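Chain and residue survey
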Amino acid sequence: MDLHTLKIFETVERLGSISLASRELQFAQSNITMKIQQLESDLQTTFIHI
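Parameters at a glance
- Residues numbered from 1 in each chain as written.
- Predicted model: local features only at pLDDT ≥ 70, side-chain atom pairs only at ≥ 80, totals over all residues.
- Heavy atoms only, no water.
- Core = buried A, V, L, I, M, F, W, Y, C linked by side-chain atoms within 4.5 Å.
- Buried < 20%, exposed > 50% of the residue type's maximum accessible area, 1.4 Å probe, protein only.
- Helix = DSSP H or I, 4+ residues; strand = E, 2+ residues; numbered from the N terminus.
- Contact = heavy atoms within 4.5 Å.
- Arc of directions from axis to C-beta.
- Polar contact = N/O pair within 3.5 Å; in protein donor to acceptor, adjacent residues only side chain to side chain.

Per an unreviewed UniProt entry, the recorded name for the chain is LysR family transcriptional regulator, and the organism is Ornithinibacillus hominis.

Here it is, written out as structure tokens:
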């Protein structure tokens, strides 16, 4: 886990959308999804239910 990943998570939570976070952060949605999944794996929990 790193600060970059936490920033991505914070942005998704604040905006309530991976799509909106990807626009704000200028990342592909797939990259944001991958980072969230990585964080979930590291912490052994689920943050986003799809």
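What follows concerns the nonpolar core. If you look at the biggest cluster of nonpolar residues, it comprises nine residues: Ile8, Phe9, Val12, Ile18, Ala21, Leu25, Ile32, Ile36 and Leu39. Of all the secondary-structure elements, those providing two or more residues to this core are α1 (3-15), α2 (18-25) and α3 (29-43). Ignoring any residue separated from it by four or fewer positions in sequence, one finds Val12 in contact with Ser17, Ile18, Ala21, Ile32, Ile36 and Ile48.

This paragraph deals with α2. An α-helix turns once per 3.6 residues; consequently, residues spaced three or four apart project the same way. Those residues of α2 lying buried are Ile18, Ala21, Ser22 and Leu25. Across the axial projection of α2, the buried residues extend over an arc of 100°, all falling on one side. Structurally, α2 contributes buried residues whose contacts are with α1 and α3. Of the residues that open α2, the one with a side-chain oxygen 3.1 Å from the backbone nitrogen of Ser19 is Ser17. Phi for Gln26, located one or two positions after α2, is positive at around 60°.

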